[in-house]
Amino acid sequence: MSQEIPTEQWAQVVEAKGGPVVYKKIPVQKPGPDEVLINIKYSGVCHTDLHAMMGDWPLPTKMPLVGGHEGAGVVVARGELVKDVEIGDYAGVKWLNGSCMDCYFCRQADEPLCPEPLLSGYTVDGSFQQYCIAKANHIARIPKECDLEAISPVLCAGITVYKALKESGVKPGQYVTIIGAGGGLGSMALQYAKAMGIHAIAIDGGEEKRTMCVDKLGAAAYVDFTTSKNLVQDVKKATADGLGPHGVIVLAVNEKPFQQASEYVRSRGTIVCVGLPANAFLKAPVFDTVTRMVTIKGSYVGNRQDTAEAIDFFRRGLINAPFKTVGLSELQNVYKMMEQGQIAGRYVVDTSR
Ligand code: 8ID
Ligand code: ZN
Ligand code: ZN
């Protein structure tokens, strides 16, 4: 069932909590009966990959670990139970590598909530290697006309922000504030919001991100959290009637903006928490939350249908988020820049170098 597949491959391996990643050769795995083997061409680098290496979350990773969950490539082998994926198909490895498909949540297509998930680049090896395994029923189906390099960040960042925008309930013509708009998820969020007819107010730091958000990605306004004297007022003023945004998507990787969002969200508005800073807590005034009828909720990646829809927005040419490509061997440098908040948009790694 397979074409020429090497027995060894290049990979970036986390060998101990805290890193760094080690660029080395490791064996290529064989897919199980319900799995496919994907020759990863490109993989986006998500902040989650850095959290995984640093051990930021109250959920242990496998160790040693190959990170990565925005892997786009070509199917090169499939297990004997896999009937609807062909060798040569384009496919993506996303965060949810597999789920039980039979629990209360999986039965109603809420599979990210499955209590026994397989998580790419966390509990199973992910896409920072040349050949990656995934459960066939969870791979992202990528149409042949899509560019694998440009679509790779859609496989986590795109799906996640598209889902979060839906969860916010914000309608076309209304306002959403994107906190962390200059980052990987944020730049995608601005493009999805625009495609969905929603006005986006971008919050992030620095002039490079301002230019990117407003000139390239169509944000209606940009508020610089590093220089704004009154961020709450600035965000409210950016809405036509001054009442604040109908929704807020929090993508930032620190705690403060999670608290601040409840100060400027419109009454009856919704705050959707997506960013996952280490050891962070939500805090909002009970009085305001009650009397202004504010909703605060979480949103976690997307299901198979969200994946298909997010990819279709890309296929139609509606999603053009900026990315820079470097060799897989450069991954540790990408983490360094990410840690310092220096990345505007997404970095993608090319697994051939
Ligand atoms: O399903 C999910 N919930 C999910 C899926 C994927 C990723 C959650 N995440 C999480 C990641 O684990 C991470 O915690 O979302 C967060 C953002 O991921 P990312 O977009 O990949 O990170 P980034 O590219 O580093 O962007 C973060 C941006 O936040 C800005 C930074 O300047 C950067 O551009 N930022 C920060 I840090 N503090 C800010 C603040 N106070 C801020 N922007 C505005 N205000
Ligand atoms: Zn991710
Ligand atoms: Zn399940």
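Residues numbered from 1 in each chain as written. Chains lettered and ligands numbered in written order. Predicted model: local features only at pLDDT ≥ 70, side-chain atom pairs only at ≥ 80, totals over all residues. Heavy atoms only, no water.

As for the coordination of the zinc ion (ligand 3)
In the first shell of the zinc ion (ligand 3), the protein supplies Cys-100 (SG), Cys-103 (SG), Cys-106 (SG) and Cys-114 (SG), at 2.3 to 2.4 Å from the metal. Coordination at the zinc ion (ligand 3) is tetrahedral: its 4 donor atoms span angles of 105 to 117° at the metal. Along the chain, the residues donating to the zinc ion (ligand 3) are arranged with the sequence spacing C-x2-C-x2-C-x7-C. Of this pair, Cys-103 sits in the loop between strand S7 (96-98) and helix H2 (104-107) while Cys-114 sits in the loop between H2 and strand S8 (118-119), placing them 11 residues apart in sequence. With respect to class, Cys-103 is no different from Cys-114; both count as buried. (Donors = N, O, S within 2.8 Å, 3.2 Å for Na, K, Ca; no water. Tetrahedral: all angles 85-135°; square planar, octahedral: opposite > 155°, others 65-115°. Helix = DSSP H or I, 4+ residues; strand = E, 2+ residues; numbered from the N terminus. Buried < 20%, exposed > 50% of the residue type's maximum accessible area, 1.4 Å probe, protein only.)

A closer look at the packing of helix H4 (residues 157-168) against helix H10 (residues 304-315)
Viewed as axis vectors pointing N to C, H4 and H10 meet at an angle of 105°, and their least axial separation amounts to 9 Å. Between H4 and H10, the angle is such that the two are roughly perpendicular. Facing Gly-158, Ile-159, Tyr-162, Lys-163 and Lys-166 of H4, the residues of H10 in contact are Asp-306, Thr-307, Glu-309, Ala-310 and Phe-313. (Axes fitted to C-alpha atoms, helices over the stretch in contact; angles between N-to-C directions. Parallel < 35°, antiparallel > 145°, perpendicular 65-115°, else oblique. Contact = heavy atoms within 4.5 Å.)

Notes on the UniProt feature "domain: Enoyl reductase (ER)" (unreviewed entry) in the protein
Under the present numbering, the feature "domain: Enoyl reductase (ER)" (unreviewed entry) in UniProt falls on residues 18-349. The distance from the first to the last C-alpha atom of residues 18-349 is 20 Å, and the span holds 28% helix and 24% strand. (UniProt positions renumbered as here; feature names shortened; annotations may be inferred.)

A word on the nonpolar core
Counting 50 residues, the largest nonpolar core has Val-176, Ile-178, Leu-190, Tyr-192 and Ile-249 as the members making the most contacts within it. Looking at this core, you find at least three residues from each of domain 1 (8-154 + 322-350) and domain 2 (158-298). The residues contacting Ile-178, other than those within four sequence positions of it, are Gly-186, Ala-189, Leu-190, Ala-200, Ile-201, Ala-202, Ile-203, Ile-249 and Leu-251. Val-14, Val-326, Tyr-335 and Ile-343 belong to the second-largest nonpolar core, a separate cluster that totals 27 residues. (Core = buried A, V, L, I, M, F, W, Y, C linked by side-chain atoms within 4.5 Å. Domains from an automatic or database assignment.)

Re the sheet that holds strand S1 (residues 8-14)
If you trace the 3 strands from one edge of the open sheet to the other, you get S2-S1-S4, paired in antiparallel fashion. The open sheet has two free edges, formed respectively by strand S2 (21-27) and strand S4 (65-66), since each of these has just one partner strand. Where S1 lies against S2, 7 bridges are found, and the strand directions are antiparallel. The residue of S2 that forms the bridge with Val-13 is Val-22. (Pairing = 2+ DSSP bridges.)

Considering the coordination of the zinc ion (ligand 2)
When a metal holds four donors in a tetrahedron, each ideal angle between them is 109.5 degrees; when it holds six in an octahedron, the ideal angles are 90 or 180 degrees. Of the protein atoms, only Cys-46 (SG), His-69 (NE2) and Cys-156 (SG) coordinate the zinc ion (ligand 2), at distances of 2.0 to 2.3 Å. Read from N- to C-terminus, the donor residues coordinating the zinc ion (ligand 2) fall into the pattern C-x22-H-x86-C. Here Cys-46 is found in the loop between strand S3 (35-44) and helix H1 (47-54), whereas its partner Cys-156 is found in the loop between helix H3 (148-151) and H4, with 110 residues between them in sequence.

Points about the domain arrangement of the protein
When its domains are assigned, the protein resolves into domain 1 (8-154 + 322-350) and domain 2 (158-298). Domain 1 and domain 2 are separated by 27 Å when their C-alpha centres are compared. With 15 residues of domain 1 in contact, the opposing surface of domain 2 contributes 17 residues. By the criterion of area lost to domain 2, the three top residues of domain 1 are Val-154, Pro-322 and Ala-344, representing 36% of everything that side buries. For the pair domain 1 and domain 2, the interface holds 7 residue pairs in polar contact (both at pLDDT 80 or more). Residues of the side of domain 1 that touches domain 2, tallied by class, amount to 7 nonpolar, 4 polar and 4 charged. (Buried area = accessible area lost by both parts, 1.4 Å probe. Polar contact = N/O pair within 3.5 Å; in protein donor to acceptor, adjacent residues only side chain to side chain. Nonpolar A, V, L, I, M, F, W, Y, C, P; charged D, E, K, R; others polar.)

Side note on the side chain of Ser-262
If you trace the backbone, Ser-262 turns up in helix H8 (residues 256-264). Judged by its relative accessible area of 6%, Ser-262 is buried. A polar contact is formed between the side chain of Ser-262 and the backbone oxygen of Gln-259, at a distance of 3.1 Å.

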